[in-house]
Amino acid sequence: MMPELSLNILDLAENSFRAGASRIEIAIEERIKEDTLIIRVKDDGKGMDKEMVKKVTDPFYSSKEGKKW
């Protein structure tokens, strides 16, 4: 599971960079009592328009041209 998480975090950082971010913050918090791992990614990239925000929870949506799922 950790390799997949690592790759997903790297993908988020690369997306931030492509969105013009000059500052990317990644915080990982482990809550042992709740058996939870919280990953926060914050950047100063261009952000998302309203249409993209509507689609962001769709696991099959990608803003990358030609990306296959």
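It should be noted that the structure appears before, not after, this text.
Residues numbered from 1 in each chain as written. Predicted model: local features only at pLDDT ≥ 70, side-chain atom pairs only at ≥ 80, totals over all residues. Heavy atoms only, no water.

Novice: An account of the overall build of the protein is requested, with residue identities and associated values reported.
Specialist: Within the protein, the regular secondary structure consists of two helices and two strands. In sequence order, the secondary structure elements of the protein are arranged as α-β-β-α. The C-alpha atoms of the protein give 14 Å as radius of gyration, which overshoots the globular expectation for 69 residues (11 Å, by more than 25%). A principal-axis box enclosing the C-alpha atoms of the protein has dimensions of 40 × 30 × 25 Å. Considering only contacts within the protein whose residues lie at least 6 apart along the sequence, 24% involve residues at least 24 apart. In the protein, the 13 positive side-chain charges and the 14 negative ones have mean positions that sit 4 Å from each other. (Helix = DSSP H or I, 4+ residues; strand = E, 2+ residues; numbered from the N terminus. Rg over C-alpha atoms; globule rule 2.2 N^0.38 Å. Contact = heavy atoms within 4.5 Å. Lys, Arg positive; Asp, Glu negative; His and termini not counted. Charge placed at Lys NZ, Arg CZ, Asp CG, Glu CD.)

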